[in-house]
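Each chain, letter by letter, is given below.
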Amino acid sequence: MKLKLRILSKEFKHIRVLISEAIFAFILVFLSLGNLDLKHSFGVFDKIGWAKDLGIYLQKKSYEAKLIKQIENTPSLVRENWELGLFYLDTENNPELAIQYFTKGFENDVTGNFPFQNKIFESHIRMGHDIFKLDELVFKFWENDYTLYSKIWNEKYDKALSYYNIAIGMENSSFNTDPRNGEFFILEGNLRLYANDYANAEESYKTCISLQSDREECFIGLALVKLRNSNNFPDSKFALDSEAFTLIQRSLETHEKGNNILSKHSLFEYWVHSPTYRRDQLKRIETLAAELSQKKSEIGLYDYVLGLSYYDQWKEALTPKMLKSFELAAKKEPDSLDYCIEYGFNYAYYEDSVKGTKLLEGCKEKFTPTYRLLSYLGDSYLLAGNYEKAREYHLEAENSEAYAQQKDMVVSHQNSYSIGRANLLLGNRNEGIKYLDLACNNGQGLVQACKRLEKEKE
């Protein structure tokens, strides 16, 4: 009998050890009550998630209750207000409550040993940051969904800004020089970028760079400002595009060993806005497009640029790849008019004019018609042999006041040429010559229009 008991005792020795550890853990928990040591080992509790969480919870509540009781009994305590403020700020992530105790401590501190001013400043900054955390918009940075962006932003901007303004107004405030505020200037720059307020967006990103010289978003934001603004200054476009590329390249080199997906993405923005610079980059574009498409499968920009690159150095063998790229871009981002137009027109031109025209008509039904869309529709109908429809769309694009601000001289010359051809094919020679003459523009327009005009006059 004794032997059996000994055997049982050995078999259940580990159970006794576990029970001993559990008792020891409970003692540790209760001995720790009133203190705050969240890294304290709770023995066996560390292996039991809920038990460890319970121990930490009890410890925090006890610590909080002890400090609150001390402050209620003696409101003028300085260290206790300081410790409770730190508890709410760092442990509980409640900067609003932390400010109350930091302020009480500041009012009662006559020694100046506690830097309450800095902690009040930090708490206001933290409150602003918490409101500004728009995680759902991280990749909206470049998706041009300004309606969504502004809706969310406007709900939070004024409230967040009020906390920043309080911090700025504090004595000896370091708001504009504190590196922690780079986040604010990034988000402010993003809003201004979406609103096409390029001058102020540039200031926001430059301030961000001065605060955080290695922050990827600061350099890329400034690069995008220069890229998008370059279209407004044709004489300075080359210089602005070059500055943008320098910023992107610097960011790529700085974050070479990290996750520099934002810098790589901005290269595609660069290639869209600066087509001259993508012509010799096909291999690089293919490699980066494959890499980024795996990480961000919902973004169509990579396929769009790839399609444009195949178009740039067009060969018959590349046509299927080009069309597939435009198709993928339009499929991934069905809300993009540009992707829709590019896919429909290139399909009409290189594959099937009738089906391509239907694709473009689908774009017209889905989106508000634009000058470019109507122009491409006119050309597609011309390819499909529907000359009346082609003339109708081109005339609407050129003559409607709704599209007067969207006109582009290169496209306008093409429209005139297409209207001229459509009139000639419909048997209206005088109107045909008239529009060919407009497209030729005394030799400053389309070469093929000038040749066709010369032929018709003979």
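Let me begin by describing the structure that accompanies this report. (Residues numbered from 1 in each chain as written. Predicted model: local features only at pLDDT ≥ 70, side-chain atom pairs only at ≥ 80, totals over all residues. Heavy atoms only, no water.)

1. Remarks on the nonpolar core
- Grouped together as the largest cluster of nonpolar side chains are 79 residues, with contacts concentrated most on Phe 268 and Trp 271.
- At eight residues, the largest contribution of residues to this core is made by helix 10 (residues 216-230).
- By size, the runner-up hydrophobic cluster in this structure holds 19 residues, among which are Phe 345, Phe 367, Leu 374 and Leu 377. (Core = buried A, V, L, I, M, F, W, Y, C linked by side-chain atoms within 4.5 Å. Buried < 20%, exposed > 50% of the residue type's maximum accessible area, 1.4 Å probe, protein only. Helix = DSSP H or I, 4+ residues; strand = E, 2+ residues; numbered from the N terminus.)

2. Digging into helix 9 (residues 198-211)
- Its 14 residues give helix 9 an end-to-end C-alpha distance of 20 Å, which sits within 8% of 20 Å, the value for a rise of 1.5 Å per residue.
- On the buried face of helix 9, the contacting elements are helix 8 (182-194) and helix 10. (Expected span 1.5 Å × (residues − 1). Contact = heavy atoms within 4.5 Å.)

3. A few points about the environment of Gly 344
- Within the element layout of this structure, Gly 344 appears in helix 16 (residues 337-350).
- Separated by 32 residues in the primary sequence, Gly 344 and Tyr 376 have C-alpha atoms spaced 8.8 Å apart.
- Leave out the neighbours within four places in its chain, and Gly 344 touches Gly 356, Leu 359 and Leu 360.

4. Remarks on the pattern of salt bridges
- Counted by the stated rule, this structure contains 23 salt bridges.
- With its nearest N and O atoms 3.1 Å apart, the salt bridge here joins Arg 372 to Asp 338. One end of the pair, Arg 372, is in helix 18 (residues 371-384); the other, Asp 338, is in helix 16, with 34 residues separating them in the sequence.
- Across the pair Glu 456 and Arg 429 runs a salt bridge, and its minimum N-O distance is 3.9 Å. Placement of the pair is Glu 456 in helix 22 (residues 447-457) and Arg 429 in helix 21 (residues 429-440), with a sequence separation of 27 residues.
- A relative accessible area of 41% places Arg 429 in the partly exposed class. (Salt bridge = Lys/Arg side-chain N within 4 Å of Asp/Glu carboxyl O.)

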